[in-house]
Amino acid sequence: MGDGATGRDVVELIGGIVQVMMSELDELVADMNLAEANLSPVLVADAAIAAEMSASNRANVARLLTTLGRYDGSTAPVDVPPEALDVARTVVRRGIDIEVIFDAYRRGQNLVFQRFMAHAIRLAPAGPPLVEVLQIGSQRLFEYVDHVLGRIVADAQREREEVLGGGLARRTETVRLILDGAPIDRERASRRLGYELARRHTALVLWAEPQGEVQGALESAAILLARAAGARQPLTLPAGTSTLWAWLGTDGEPHLGALSRAISQAQPNIRAAIGPTQADITGFRRSHSAALALHALLEGHPGGERLALYRDLEVTALAGHDRHSAAEFVTATLGPLAADTPTADRLRQTLRVYLDEADNAPRAAARLHVHRNTVLQRVAHAAALLGHQPGERRLALELALELAHHIGHRVLSTAKPRPSSTTTPDASQATDGSS
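The name given to the protein chain in an unreviewed UniProt entry is DNA-binding PucR family transcriptional regulator, with the source organism recorded as Mycolicibacterium frederiksbergense. Here is the UniProt Sequence similarities (unreviewed entry) comment for the protein chain, exactly as written: "Belongs to the CdaR family."

Turning next to the overall build of the protein chain. Along the backbone of the protein chain there are 17 helices and 5 strands. Classification of the 435 residues of the protein chain by burial places 50% in the buried group. Carbon and sulfur atoms form 52% of the exposed surface of the protein chain, whose accessible area is close to 20,000 Å².

Moving on to the pattern of salt bridges. One pass over the full model with this rule turns up 24 salt bridges. Across the salt bridge formed by Asp-251 and Arg-232, the nearest N and O atoms sit 3.3 Å from each other. Of this pair, Asp-251 sits in the loop between β3 (243–250) and α10 (259–263) while Arg-232 sits in the loop between α9 (215–229) and β2 (235–240), and the two are 19 residues apart along the sequence. Given a relative accessible area of 61%, Asp-251 falls into the exposed group. Here the salt bridges share partners, and the residues they tie into one network are Glu-24, Glu-27, Asp-31 and Arg-115.

For Gln-114, the location among the structural elements is in helix α5 (residues 99–123). Given a relative accessible area of 46%, Gln-114 falls into the partly exposed group.

Another aspect to go through is the pairing of strand β4 (residues 270–279). Of all 10 residues in β4, 7 are buried; the element is thus mostly enclosed. The pairing of strand β1 (residues 200–208) with β4 spans 8 bridges and is classified as antiparallel. Bridging from a neighbouring strand, Leu-206 pairs with Ala-272 of β4. Note: β4 against strand β5 (residues 307–309), 3 bridges, orientation parallel. Paired with Ala-272 across the strands is Leu-307, a residue of β5.

Quick look at the side chain of Thr-172 now. Relative to the helices and strands, Thr-172 resides in helix α7 (residues 167–179). With residues up to four places along the chain from it excluded, the contact list for Thr-172 reads Arg-93, Arg-94 and Leu-237.

Here we come to empty space enclosed by the protein. Inspection of every chain in the model, using the stated rule, returns 4 cavities of 30 Å³ or more. Considering the residues around the largest cavity, the lining is formed by 19 residues, among which Met-32, Glu-36, Asn-57, Asn-60 and Tyr-105 are closest to the centre. Grouping the constituent residues of the lining of the largest cavity by class yields 13 nonpolar, 5 polar and 1 charged.

With that out of the way, let us pick up the packing of helix α3 (residues 47–69) against α5. At a minimum axis distance of 12 Å, the contact between α3 and α5 shows a crossing angle of 45 degrees. As summarised for this structure, α3 and α5 are arranged oblique, according to the angle between their axes. At the point where α3 passes α5, the crossing takes the right-handed sense. On α5, the residues that touch Ser-56, Asn-60, Val-61, Leu-64 and Leu-68 of α3 are Tyr-105, Val-112 and Phe-116. Class assignment for the residues of the contact of α3 with α5 results in 6 nonpolar, 2 polar and no charged.

What follows is about the packing of aromatic side chains. A full pass over the atoms with the stated rule returns 3 aromatic pairs. Ring centres 6.4 Å apart and planes at 15 degrees place the aromatic pair Phe-113 and Phe-116 in the stacked group. In this pair, Phe-113 and Phe-116 are both assigned in helix α5, 3 residues apart and thus about one turn of the helix distant. The pair Phe-113 / Phe-116 is uniform in exposure class, with both members buried. Ring plane angle 5 degrees and centroid distance 4.4 Å describe the contact between Trp-247 and Phe-284, whose orientation is recorded as stacked. Placement of the pair is Trp-247 in strand β3 and Phe-284 in helix α11 (residues 280–298), with a sequence separation of 37 residues.

Turning to the layout of surface pockets, a few remarks are in order. Considering only enclosed or pocket space, the largest pocket measures out at about 820 Å³ in volume. Lining the largest pocket are 27 residues, and of these Ala-47, Ala-50, Ala-296, Glu-299 and Arg-323 sit closest to its centre. Elements that contribute at least two residues to the lining of the largest pocket include exactly α2 (25–39), α3, α11 and α12 (310–319). Top element by residues in the lining of the largest pocket is α3. It accounts for 7 residues. For the lining of the largest pocket, the residue count by class is 16 nonpolar, 5 polar and 6 charged.

What follows concerns the pairing of β1. Within β1, 8 of the 9 residues are buried, which leaves it mostly tucked inside the rest of the structure. Examined bridge by bridge, β1 and β3 share 8 bridges and lie antiparallel to one another. The residue bridging Thr-202 from the neighbouring strand is Leu-248, located in β3.

Once that is clear, we can look at the side chain of Asp-46. One can find Asp-46 in the loop between α2 and α3. Residue Asp-46 is classed as buried on the basis of its relative accessible area, which comes to 8%. Among the polar contacts listed, one links the side chain of Asp-46 to the side chain of Arg-94, at a separation of 2.9 Å.

Looking now at helix α4 (residues 82–93). The periodicity of an α-helix, 3.6 residues per turn, causes residues three or four places apart in sequence to face the same way. Here α4 contains 12 residues, and its C-alpha end-to-end distance of 17 Å stays within 8% of the 16 Å for a straight helix at 1.5 Å per residue. With 10 of 12 residues buried, α4 lies mostly within the body of the structure.

The next subject is the environment of Tyr-144. Structurally, the position occupied by Tyr-144 is in helix α6 (residues 128–164). In this structure, the C-alpha to C-alpha distance between Tyr-144 and Val-80, residues 64 residues apart in sequence, is 8.8 Å. For Tyr-144, the residues in contact, after removing those within four places along its chain, are Asn-60, Arg-63, Leu-64, Val-78, Asp-79 and Pro-81. In this structure the side chain of Tyr-144 is engaged in a polar contact, spanning 2.7 Å, whose partner is the side chain of Asn-60.

Conventions and cut-offs
- Residues numbered from 1 in each chain as written.
- Predicted model: local features only at pLDDT ≥ 70, side-chain atom pairs only at ≥ 80, totals over all residues.
- Heavy atoms only, no water.
- UniProt positions renumbered as here; feature names shortened; annotations may be inferred.
- Helix = DSSP H or I, 4+ residues; strand = E, 2+ residues; numbered from the N terminus.
- Buried < 20%, exposed > 50% of the residue type's maximum accessible area, 1.4 Å probe, protein only.
- Areas by Shrake-Rupley, 256 points an atom, 1.4 Å probe, with all protein chains shown as cover.
- Salt bridge = Lys/Arg side-chain N within 4 Å of Asp/Glu carboxyl O.
- Pairing = 2+ DSSP bridges.
- Contact = heavy atoms within 4.5 Å.
- 1 Å grid on protein atoms, 1.4 Å probe; cavity = no way out; pocket = protein on both sides within 12 Å on 5 of 7 lines; lining within 4 Å.
- Points joined across faces, edges and corners; volume = space filled by probe spheres on them.
- Nonpolar A, V, L, I, M, F, W, Y, C, P; charged D, E, K, R; others polar.
- Axes fitted to C-alpha atoms, helices over the stretch in contact; angles between N-to-C directions.
- Parallel < 35°, antiparallel > 145°, perpendicular 65-115°, else oblique.
- Left-handed = near helix turned anticlockwise from the far one by under 90°.
- Phe/Tyr/Trp six-rings, centres within 6.5 Å; stacked < 30°, edge-to-face > 60°.
- Polar contact = N/O pair within 3.5 Å; in protein donor to acceptor, adjacent residues only side chain to side chain.
- Expected span 1.5 Å × (residues − 1).

Next comes the structure, spelled out in structure tokens:
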């Protein structure tokens, strides 16, 4: 049966399959991310490109399923998601072979069709209806992927010509050689970069949440931070549509204390991860590696601080490298306090500041802008939920609180805190009215 003669029962079957797959979108995208990462590790080399790849997968699957869900037997135009074009441009800017995109799309296409086929076999009656559902699904999927890849290749070619036509290509190649640890003459590399490598270097990763084409705003933020740190013009390199790598070169120690004030002058959705200051080409590379690790920890949690220093979060970054293990540790250590709820968050933040202030309630109250009694009530409430005093297992407790604070919902539980018979009123019920 041709597309124009498709029966209503087949259309309804396709709609039912699409509805189930849309409900499983998170799981399907996660499977695609993992499969493509195993196929091409360069696509998860850092948090910026991994986030763009995941966003492209999600946008493509959602667009394809939406088109299938409206299927009526006619030919539908294919609309290429902007996220798909974003990651292709990033691949070109990173100097990665465009074949990586082809391989990733074909692997993702196979996974989507396997999932479609499994649901079709489960939902459609055996015989001609099942055969037609599979034929239509396969045809539309291949048409979609072929069209998107064609558009991506055309855009990638234009991007490559633009990159190769200017200094960005030389800068990208030189930085990549340094980061890969290749033997390279320092003086020659400095001339190519227009940046003196025989200095001390502080690496930055700047990014925007939510994502968007904000390279101009990221460049401006890098200049603001460079001025605040007492550095000259920063060396910058686009790392994606919403991510910028930068290095601040200084003769001595930069004024890092001024960076928090400087970031407040940048576009509100821009955040920065700051690596340690280290010397020479080796320091250039090591500071960048630390900034990438910090970015991987913080990216995807928009509620966190706008600026983070690796020197302050080194232990947290190391503990949060394996996200699954970090989530298990937070749940095991915090118990009911690991719940992803406003009440649990209020208690965690109070306990975190209280412990950071060496159990000094007045100082904690000043930082939290609440009454001393409110702090004590919240700490007592937290202790009741923990089942022990905060001083017990202090190191593990402080680390779990830091992970919850900086990573947020990705290591928290959706379960709500269990009530305790010894629980004191939450701060929202405190008689002094503090919050």
